[in-house]
Amino acid sequence: MTNTPILKVENLSRHFTFQTGMLKRQTRTVKAVTGLNFDICSGETLALVGESGCGKTTTTRLLLRLQSPTFGRVLYDGQDINELKGAGLKAYRSKVQAVFQDPWSSINPRVRIRDFVAEPLVVNEKLTSGEVERRVHAALDAVGLRPQDARKFPHEFSGGQRQRIAIASAIVSRPRLIILDEPVSGLDVSIRSQIINLFKDLQAEYGLSYILVAHDLATTRYLTDRVAVMYLGQIIEQGATDDVFDAPAHPYAEALLSAALSADPGEVRNEIPMSGEVPSPLNPPSGCAFHPRCHRNMGEICQSHSPALGVQAPNRTVSCHQYAP
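Looking at an unreviewed UniProt entry, one finds the protein chain named Oligopeptide/dipeptide ABC transporter ATP-binding protein and attributed to Roseibium algae. If you open the UniProt record of the protein chain and go to Sequence similarities (unreviewed entry), you find "Belongs to the ABC transporter superfamily." Under the UniProt heading Subcellular location (unreviewed entry), the note attached to the protein chain is "Cell inner membrane".

And the structure:
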């Protein structure tokens, strides 16, 4: 891995404003994500983890430029992606790809596999039909499928094979970064490990970087180098995966990871319960967003002041008053 980020997120925020009330005269704002800061280097895997509704999906949509930020920037090789146009935008979309959760709905059932896999090349690059055919066959081979499978339709494949096809489409344009949005959660347990190991093999062969969005904490630990834990639209802890999993510092990360299944069936773990539900982003708590559920609530300061993302230890940042500078 290099020390130079290929993608850098600076103070990234996305807020949605809408009208409510009988006459639509009240304006309300949902802060889907606020003040995100992270980066990713070549050959590295970063995970975004957290409960449903924490802002992971919004973050990926901002990275793929499917939405525009309210504030902040996403820099690719030092360029703001929301300022890219024409050839520059096509180049970005060629080099930053995605693999989504459901292989049954992510592939158009009416097109042949060849046309689906080739789409990033046809849309973003100018290649001869022969070169497109060669790249498609090479991508299918890289994910463990046969070149002759290119002539078939999606219904002729199993769920695991369909996810391999989706991965082939993601790597066919020779990207630098692939966003993996719950890439194995829709698959049978028996084939999840095959797909996870395929991601590892492709990363080693092509030097790929991944941003993994996942609920499965076992997959997160196996596949990633660093992890960013999100809660209610903010990153509350970020650091090396082993460091965060072995000794989580933020009370939310501690409770979340205490519920993760251990690879050692004999390990005794004390699960930390979280009271209540995730607050609505329409009406977030004052102060620290986690304080109503926190087992280490410090009282007034947690209820009235939002903590900064401070440095807690080398290679670790934590948003908690217990670690305030």
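The discussion continues.
Draft legend 1. Main features of unusual backbone geometry. The backbone of Asn 11 sits at a positive phi, close to 50 degrees, despite the residue not being glycine. Locating Asn 11 in the fold gives a position in strand β1 (residues 5-20). Residue classification places Asn 11 among the partly exposed residues on the basis of a relative accessible area of 42%. Here the phi dihedral of Asp 77 falls at roughly 50 degrees; this positive angle occurs in a residue that is not glycine. Note on placement: Asp 77 falls in the loop between β4 (71-76) and β5 (79-80).

Draft legend 2. Expanded view of the packing of helix α3 (residues 113-124) against helix α4 (residues 129-142). The contact between α3 and α4 brings their axes to 9 Å, and the two run at 110 degrees. As summarised for this structure, α3 and α4 are arranged roughly perpendicular, according to the angle between their axes. Contact residues: α3 offers Ile 113, Arg 114, Val 117, Ala 118 and Leu 121, while α4 offers Ser 129, Val 132, Glu 133, Arg 135, Val 136, Ala 139 and Leu 140. In the contact of α3 with α4, the residues fall into 8 nonpolar, 1 polar and 3 charged.

Draft legend 3. Representation of the nonpolar core in the model. Formed by 35 residues in total, the largest nonpolar core has its most connected members in Val 117 and Ile 167. For this core, the secondary structure elements donating two or more residues are α3, α4, α5 (159-171), β7 (177-181), α6 (189-206) and β8 (209-214). If sequence neighbours within four positions are ignored, Ile 167 has contacts with Val 99, Val 143, Ile 195, Leu 198, Phe 199 and Leu 202. Counting residues in each nonpolar core, the second largest holds 29 residues, with Val 74, Leu 89, Tyr 92 and Met 230 among its members.

Draft legend 4. Representation of the state of the cysteines within the structure. Under the defined criterion, the tally for this structure stands at 0 disulfides. Residue Cys 54 stays outside any disulfide, its sulfur separated by 15 Å from that of Cys 288, the closest cysteine. Among the residues examined, Cys 54 registers a relative accessible area of 3% and is labelled buried. This cysteine, Cys 320, is not joined by any disulfide, and Cys 294 carries the nearest cysteine sulfur, 6.4 Å off. Residue classification places Cys 320 among the buried positions, given a relative accessible area of 10%.

Draft legend 5. Just the sheet that holds β5, in detail. Spatial ordering of the open sheet is given by β2-β1-β4-β5, a layout of 4 strands whose pairing is antiparallel. Edge positions in the sheet fall to β2 (26-41) and β5, since each of these pairs with one other strand and no more. As paired strands, β1 and β4 are joined by 5 bridges and run antiparallel to one another. Each residue of the ladder has a partner; that of Lys 8, found in β4, is Leu 75.

Draft legend 6. Structural view of the sheet that holds strand β6 (residues 96-99). The 8 strands are arranged β6-β7-β8-β3-β9-β10-β12-β11 in an open sheet whose pairing can be described as mixed. Since the sheet does not close on itself, it has two edges, and those belong to β6 and β11 (310-313), each with one partner. Averaged over all adjacent pairs, the angle separating strand axes in this sheet is 25 degrees, with direction ignored. Bridge count between strand β9 (residues 226-231) and strand β10 (residues 234-240): 6 bridges; the pairing is antiparallel. Within the sheet, the bridge partner assigned to Val 227 lies in β10 and is Gly 239. Strands β6 and β7 of the sheet are contacted by helix α2 (residues 86-95), whose axis makes an angle of about 40 degrees with β6.

Parameters at a glance
- Residues numbered from 1 in each chain as written.
- Predicted model: local features only at pLDDT ≥ 70, side-chain atom pairs only at ≥ 80, totals over all residues.
- Heavy atoms only, no water.
- UniProt positions renumbered as here; feature names shortened; annotations may be inferred.
- Helix = DSSP H or I, 4+ residues; strand = E, 2+ residues; numbered from the N terminus.
- Buried < 20%, exposed > 50% of the residue type's maximum accessible area, 1.4 Å probe, protein only.
- Axes fitted to C-alpha atoms, helices over the stretch in contact; angles between N-to-C directions.
- Parallel < 35°, antiparallel > 145°, perpendicular 65-115°, else oblique.
- Contact = heavy atoms within 4.5 Å.
- Nonpolar A, V, L, I, M, F, W, Y, C, P; charged D, E, K, R; others polar.
- Core = buried A, V, L, I, M, F, W, Y, C linked by side-chain atoms within 4.5 Å.
- Disulfide = S-S within 2.5 Å.
- Pairing = 2+ DSSP bridges.

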